[in-house]
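# Coordinate inspection notes
Listed below are the residues making up each chain.
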Amino acid sequence: MLQKGEPDAGTILVVMTERGIDARTYERMPRPDGNRAWELTRREDPDNKTEMQEWLDRRAAQDPDLWIVELDIANGERFIGIT
């Protein structure tokens, strides 16, 4: 858990890594049909590793209700239904 947000209404942002590298962030985004689906919203730049953390810090500062969860496992996308 990188940040705890509002228990009842906070947005969830999931950071996926594999052995601490290749960080990807996913968020549930609204669809035209009114449903929400997980979408890749950011991918770590291997040449600028600090950029991802700076982006996460900005997101957390902008939205105190935001939950940021990190999964450091192989193929973490399977836990949110993306293969």
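Each chain has its residues counted from 1, following the order in which its sequence is written. Restriction of local features to residues with pLDDT of at least 70 applies here, the model being predicted, together with a cutoff of 80 or more for giving and counting side-chain atom pairs; totals for whole chains, interfaces and linings are based on all residues. Each side-chain value is derived from all of the structure's non-hydrogen atoms; neither hydrogens nor water enter the calculation.

### Considerations on the sheet that holds strand S1 (residues 12-18)
A strand pair is defined by DSSP finding two or more bridges across the two strands. A run of H or I in DSSP becomes a helix once it reaches four residues, and a run of E becomes a strand once it reaches two; helices and strands are each numbered from the N terminus. Spatially, the four strands line up as an open sheet ordered S3-S2-S1-S4, and their pairing is mixed. The open sheet has two edge strands with one neighbour each: strand S3 (36-43) and strand S4 (67-72). If you compare each strand with its neighbour and ignore which way they point, the axes differ by 25 degrees on average. In this sheet, S3 lies alongside strand S2 (residues 21-30) in antiparallel orientation, the contact comprising seven bridges. When the bridges of S3 are listed, glutamate 27 appears paired with glutamate 39. Contact between two residues is taken to exist if any of their heavy atoms lie within 4.5 Å; hydrogens are not considered. Inter-axis angles, ranging from 0 to 180 degrees, are taken between N-to-C directions of lines fitted to C-alpha atoms, where helices are fitted over the stretch in contact. Here helix H1 (residues 49-62) sits on the sheet in contact with S1, S2, S3 and S4, set at roughly 30 degrees to S2.

### Brief notes about the nonpolar core
Leu13, Val15, Ala23, Met52, Trp55, Leu56, Ala60, Leu66 and Ile68 form the largest nonpolar core, which has nine residues in total. For this core, the elements supplying multiple residues, two or more each, are S1 and H1. With four residues, the single largest contributor to this core is H1. Leucine 56 has contacts with Leu13, Val15, Thr25 and Ile68, leaving out every residue within four places of it along the chain. In this description, a nonpolar core means a group of buried Ala, Val, Leu, Ile, Met, Phe, Trp, Tyr and Cys residues linked to one another through side-chain atoms lying within 4.5 Å. Burial status follows relative accessibility: with a 1.4 Å probe on protein chains alone, a residue under 20% of its type maximum counts as buried, one over 50% as exposed, and anything between as partly exposed.

### Quick notes on the pairing of S2
Bridge count between S1 and S2: five bridges; the pairing is antiparallel. Along S2, the bridge assignment pairs valine 15 with threonine 25. Adjacent in sequence and paired antiparallel, S1 and S2 are bridged by two residues, among which arginine 19 carries a positive phi angle near 60 degrees. Linking S2 to S3, which pair antiparallel, is a turn of five residues; within it glycine 34 sits at a positive phi near 95 degrees.

### Observations regarding unusual backbone geometry
Positioned with a positive phi, aspartate 22 is a non-glycine residue whose angle comes to about 55 degrees. For aspartate 22, a relative accessible area of 32% puts it in the partly exposed group.

Function cannot be read off these values alone, since they describe shape.
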